[in-house]
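Structural features, examined
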Amino acid sequence: MTEIMQATGLVRSYESEGTAYPALRGVDLSVEEGEFVAVMGPSGCGKSTLLHLLGGIDRPDAGEVRLRGARVDTLSEAKAAALRRREVGYVFQFFNLIGNLSVVDNVELPALMAGVGASEARRRRTELLEELGVADRADLVPGRLSGGEQQRVAIARALIHNPSVLLADEPTGNLDSAASREAVDLLKRYNERGQTVLMVTHDARIASASNRVLQMRDGRIVSEAKLLSNLVQMEP
């Protein structure tokens, strides 16, 4: 398989009231094309910080991030934003949908920003909303949707520009068990079609959907396990 994302020696600290608090303490990571990788660990261990550095939302104090072999961490803000729009899809715990835009506009906007033509963006949007079961909610604003529906819309938004890698930060953390199961099943379905997924979660049941699980603690990856089968075992 081809390596699509690589991090080497990532270090990141945050300062509060003159004191530096380390979030990452030298993280090495590689993700191959088509993998579904889960990153687990307790709150505050650096999981979300790692995801933000990999996606170019934040920059490391030391170390390198590469996407398809090209450095991400040294790009200007404008070039990093352009790279994210083209190559990276994001799914967040709290959905991050634009509240005053309809579902169709929320989903279509990232494709337009990535340079996809209007007619092609509409085609992809229609296809995704139908497949994800929210086509009948297309003209509503996010506040009119359930949490599970909002997350399905967020997944559609993350996938519409055919990203090289989808980064999911606690994608089920704000959902009930049934909606969590649906969201993870959707991520699995797209991964089985070849979509690379890197997901942060604190829930072992959610992580069991992946092919490989990395455990973090105190800003470091402390263990790694490959899963023989990626079946999500969740209570109904």
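Check the entry above for the structure.
Described in the following lines is the structure provided in the data block. (Residues numbered from 1 in each chain as written. Predicted model: local features only at pLDDT ≥ 70, side-chain atom pairs only at ≥ 80, totals over all residues. Heavy atoms only, no water.)

**Looking at empty space enclosed by the protein**
In this structure the tally under the stated criterion is 1 cavity of 30 Å³ or more. Reported here for the largest cavity is a volume of approximately 30 Å³. Lining of the largest cavity is provided by Gly 148, Gln 151, Arg 152, Ile 155, Leu 175, Ala 179, Glu 182, Ala 183 and Leu 186. Elements supplying a minimum of two residues to the lining of the largest cavity: α5 (147-159) and α6 (177-192). Its residues assigned to classes, the lining of the largest cavity comprises 5 nonpolar, 2 polar and 2 charged. (1 Å grid on protein atoms, 1.4 Å probe; cavity = no way out; pocket = protein on both sides within 12 Å on 5 of 7 lines; lining within 4 Å. Points joined across faces, edges and corners; volume = space filled by probe spheres on them. Helix = DSSP H or I, 4+ residues; strand = E, 2+ residues; numbered from the N terminus. Nonpolar A, V, L, I, M, F, W, Y, C, P; charged D, E, K, R; others polar.)

**A look at the side chain of Thr 172**
With respect to the element layout, Thr 172 can be found in the loop between β7 (165-169) and α6. Setting aside its immediate chain neighbours within four residues, Thr 172 contacts Ser 180, Ala 183, Val 184 and Ile 206. (Contact = heavy atoms within 4.5 Å.)

**Side note on the pattern of salt bridges**
As a working rule, side chains carrying opposite charge can pair if their charged atoms are close by. The full count for this structure, using the stated rule, is 18 salt bridges. The partner of Arg 68 in a salt bridge is Glu 33, and the shortest N-O contact between them spans 3.5 Å. One end of the pair, Arg 68, is in the loop between β4 (62-67) and β5 (70-71); the other, Glu 33, is in the loop between β2 (19-32) and β3 (36-40), with 35 residues separating them in the sequence. Of the residues examined, Arg 68 reaches a relative accessible area of 46% and is grouped as partly exposed. A salt bridge links Arg 205 to Asp 203, with the shortest nitrogen-to-oxygen separation between them at 2.9 Å. (Salt bridge = Lys/Arg side-chain N within 4 Å of Asp/Glu carboxyl O. Buried < 20%, exposed > 50% of the residue type's maximum accessible area, 1.4 Å probe, protein only.)

**Some thoughts on the sheet that holds β4**
The strand order across the open sheet formed by 4 strands is β2-β1-β4-β5, and the pairing between neighbours is antiparallel. Both edges of this open sheet fall to β2 and β5, since each of them pairs with a single strand only. (Pairing = 2+ DSSP bridges.)

**Things to note about the layout of surface pockets**
Looking at the largest pocket, its volume works out to about 430 Å³. Considering the residues around the largest pocket, the lining is formed by 17 residues, among which Arg 85, Tyr 90, Pro 110, Met 113 and Arg 157 are closest to the centre. Those elements giving two or more residues to the lining of the largest pocket turn out to be α2 (77-87), β6 (88-92), α3 (103-113) and α5. Across the lining of the largest pocket, the residue classes tally to 10 nonpolar, 4 polar and 3 charged.

**Structural notes on a nonpolar patch on the surface**
Among the surface-exposed residues, Ile 98, Leu 109 and Met 113 lie close enough to one another that they form a single nonpolar patch of about 240 Å² accessible area. Within the element layout of this structure, Leu 109 appears in helix α3. (Patch = residues over 30% accessible without salt bridge, like charges linked within 9 Å, V, L, I, M, F, W, Y side chains within 5 Å. Areas by Shrake-Rupley, 256 points an atom, 1.4 Å probe, with all protein chains shown as cover.)

**A look at helix α1 (residues 47-54)**
Across the 8 residues of α1, 6 count as buried, placing the element largely inside the fold. Taken together, the buried positions of α1 are Lys 47, Thr 49, Leu 50, Leu 51, Leu 53 and Leu 54. Once α1 finishes, Gly 56 follows within two positions and takes phi at roughly 80°, a positive value.

**Quick look at the pairing of β7**
Remember that side chains alternate between the two faces of the sheet whenever the strand is regular. With 5 of 5 residues buried, β7 is to be regarded as a mostly interior element. Side chains Val 165, Leu 167 and Asp 169 project from β7 onto one buried face, and the interleaved Leu 166 and Ala 168 project onto a second face that is buried too. Alignment of β6 against β7, held across 5 bridges, turns out to be parallel. Within β7, the residue paired with Val 91 across the bridge is Ala 168. Relative to strand β8 (residues 196-200), β7 is paired through 5 bridges, and the arrangement is parallel. Residue pairing across strands places Asp 169 opposite Val 200, the latter belonging to β8. Of the crossover connections in this fold, the one passing from β7 over α6 to the parallel β8 is right-handed. (Right-handed = clockwise from strand over helix to strand, strands pointing away.)

**Here we look at the side chain of His 161**
When you line up the elements, His 161 lands in the loop between α5 and β7. With relative accessibility at 9%, the residue His 161 sits in the buried group. Side-chain polar atoms of His 161 contact the backbone oxygen of Val 88, separated by 2.9 Å. In contact with His 161, other than residues within four places in its own chain, are Arg 84, Arg 85, Arg 86, Glu 87, Val 88, Gly 89, Ala 111, Ala 114 and Arg 124. (Polar contact = N/O pair within 3.5 Å; in protein donor to acceptor, adjacent residues only side chain to side chain.)

**Overview of the sheet that holds β8**
An order of β6-β7-β8-β3-β9-β10 is seen for the 6 strands of this open sheet, with the pairing classed as mixed. In this open sheet, the two strands that pair with only one neighbour each are β6 and β10 (220-226). In this sheet, neighbouring strand axes are inclined to one another by 20° on average, regardless of whether the strands run parallel or antiparallel. With respect to the sheet, α1 is in contact with β3, β7, β8 and β9 (212-217), its orientation differing from that of β7 by roughly 155°. Taken strand by strand, α5 contacts β6 and β7, and its axis lies near 170° from that of β6. (Axes fitted to C-alpha atoms, helices over the stretch in contact; angles between N-to-C directions.)

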